[in-house]
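Structural overview
Listed below are the residues making up each chain.
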Amino acid sequence: MFVSAINAIIRKMFNVSSNAWLELQWYLFGAAFLLASAYTLQQNEHIRIDIFYGTRSRRTQNWIDLFGHLFFLLPFVCIMTWMLVPYALQAFHSGQISTNAGGLIIWPARAILAGGFVLLVLQAFSEIIKKIAIIQGLIEDKHSFVSAHEAAELEGKAIAEALAAKAREAK
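Residues numbered from 1 in each chain as written. Predicted model: local features only at pLDDT ≥ 70, side-chain atom pairs only at ≥ 80, totals over all residues. Heavy atoms only, no water.

**Concerning the side chain of Arg-110**
Applicable threshold: A run of H or I in DSSP becomes a helix once it reaches four residues, and a run of E becomes a strand once it reaches two; helices and strands are each numbered from the N terminus. Relative accessibility decides the category of a residue: with a 1.4 Å probe and only protein chains considered, values under 20% of the type maximum give buried, values over 50% give exposed, and everything between is partly exposed. The charged-residue count follows a simple rule in which Lys and Arg add positive charge and Asp and Glu add negative charge, with His and chain termini not counted at all. Salt bridges, as used here, are contacts in which a Lys or Arg side-chain nitrogen is within 4 Å of a carboxyl oxygen on Asp or Glu. Here a polar contact is taken to be a pair of N or O atoms separated by no more than 3.5 Å, where protein atoms must pair a possible hydrogen donor with a possible acceptor and residues adjacent in sequence count only if both atoms sit in side chains.
Along the chain, Arg-110 turns up in helix H5 (residues 107–135). Buried and unpaired, Arg-110 has no salt bridge, with Glu-23 as the nearest side chain of opposite charge at 11 Å. A polar contact is formed between the side chain of Arg-110 and the side chain of Gln-90, at a distance of 3.3 Å. A polar contact of 3.1 Å, which involves the side chain of Arg-110, links it to the side chain of Gln-96.

Here you go:
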């Protein structure tokens, strides 16, 4: 955000622009997005289709998660990691720079890509192990899913109880 603000101020006040600043913004955005993806998966905050998922029992949801992790997430992140690591190394060894005038070196952006997917592979394995343990009853499900409708009902109930408690205190 700081880089973006400084770049905009310099561009508007001094009518000067730099491809390096723009590319740095892209690098930082990519880093924030990719490096946070494994954490998002760990916190069970990734996007789902609530219409289907939210109507199932928690046991079925865990099976859906396990199936999705095994047959969609894991193959995708393994292929991306397998392709991105050599891609980043090639840019590093060749000293590749951006084709834009005044652009930055390429390997940090590619290393961030590869690093984000390596973290996601590790977290995918962790989630698969956890889902199997949860399904077998070996550990508690700490991140149970609550649909938007369920969350609204729980919040409404909590507000009603708080108002009722205040009303009792006022008497």
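**Here's the deal with a nonpolar patch on the surface**
Condition: Put simply, a patch holds well-exposed residues, over 30% relative accessible area, that have no salt bridge, with like charges counted together within 9 Å and Val, Leu, Ile, Met, Phe, Trp or Tyr side chains within 5 Å. The accessible surface values rely on the Shrake-Rupley method and a 1.4 Å probe; as for residues, cover is taken only from the protein chains in view.
Side chains of Leu-35, Val-85, Leu-89, Val-118, Leu-119 and Leu-122 sit close together on the surface and give an oily, nonpolar patch of about 470 Å² of accessible area. Elements supplying a minimum of two residues to the nonpolar patch: helix H4 (58–94) and H5. Ranked by residues supplied to the nonpolar patch, first place goes to H5 with three residues. Counting through the fold element by element, Val-85 comes out in helix H4.

**Description of the environment of Met-80**
Note that Met-80 resides in helix H4. Each C-alpha atom, one on Met-80 and one on Trp-26, is 20 Å from the other, the two residues being 54 residues apart in sequence.

**Notes on the packing of helix H1 (residues 2–14) against helix H2 (residues 19–42)**
Convention followed: Interaxial angles span 0 to 180 degrees and are taken between N-to-C directions of axes, which are lines fitted to C-alpha atoms, for helices over the stretch in contact. Roughly parallel covers angles under 35 degrees, roughly antiparallel covers those over 145, roughly perpendicular covers 65 to 115, and oblique covers all other angles. Throughout, a crossing is termed right-handed when the near helix is turned clockwise from the far one, and left-handed when it is turned anticlockwise from it by less than a right angle. The contact criterion used is simple: two residues touch if any of their non-hydrogen atoms lie within 4.5 Å.
At a minimum axis distance of 9 Å, the contact between H1 and H2 shows a crossing angle of 160 degrees. If you check the angle between H1 and H2, you find them roughly antiparallel. In this structure, H1 crosses over H2, and the sense of that crossing is left-handed. Each of Val-3, Ser-4, Ile-6 and Asn-7 in H1 lies in contact with H2, whose residues at this interface are Trp-21, Leu-22, Leu-24, Gln-25 and Leu-28.

**As for H1**
Which entries qualify depends on this criterion: Take the number of residues in a helix, subtract one, and multiply by 1.5 Å to get its expected span.
Relative to the 18 Å expected for 13 residues at 1.5 Å per residue, H1 spans 18 Å between its end C-alpha atoms, a close match to the ideal helical length. Backbone geometry just after H1 places Asn-15 at a positive phi near 55 degrees.

**Regarding unusual backbone geometry**
Positioned with a positive phi, Asn-44 is a non-glycine residue whose angle comes to about 60 degrees. Checked against the element boundaries, Asn-44 lands in the loop between H2 and helix H3 (50–53).

**Section: the packing of H2 against H5**
Inclusion rule: Here the term charged refers only to Asp, Glu, Lys and Arg, the term nonpolar to Ala, Val, Leu, Ile, Met, Phe, Trp, Tyr, Cys and Pro, and the term polar to all other amino acids, Gly among them.
Their axes nearest at 8 Å, the elements H2 and H5 cross at an angle of 5 degrees. As the angle between them shows, H2 and H5 are arranged roughly parallel. The class makeup of the residues in the contact of H2 with H5 is 14 nonpolar, six polar and two charged.

**Structural notes on the packing of aromatic side chains**
For the record, the criterion: Note on ring pairs: Phe, Tyr and Trp rings are taken, using the six-membered ring of Trp, and paired if centres are within 6.5 Å. Classes follow the plane angle, with under 30 degrees stacked, over 60 edge-to-face and the rest tilted. Distance and angle both matter: a charge sits over a ring if NZ of Lys or CZ of Arg is within 6 Å of the ring centre and within 35 degrees of the ring normal.
The full count for this structure, using the stated rule, is five aromatic pairs. Judged by centre distance (6.4 Å) and plane angle (15 degrees), the ring pair of Phe-29 and Phe-33 falls under stacked. Highlighted residues: Phe-29 and Phe-33, both in helix H2, separated by four residues, approximately one helical turn. Look at Phe-92 and Trp-107: their rings are 5.1 Å apart centre to centre, the planes differ by 85 degrees, and that puts the pair in the edge-to-face class. One end of the pair, Phe-92, is in helix H4; the other, Trp-107, is in helix H5, with 15 residues separating them in the sequence. Take Phe-92: its relative accessible area is 44%, and that puts it in the partly exposed class. Trp-107 sits in the partly exposed class, given a relative accessible area of 32%. The rings of Phe-67, Phe-71 and Phe-72 are connected pair by pair, giving a single aromatic cluster. Cation over ring: Arg-110 sits above Tyr-87, and NZ or CZ is 3.6 Å from the ring centre.

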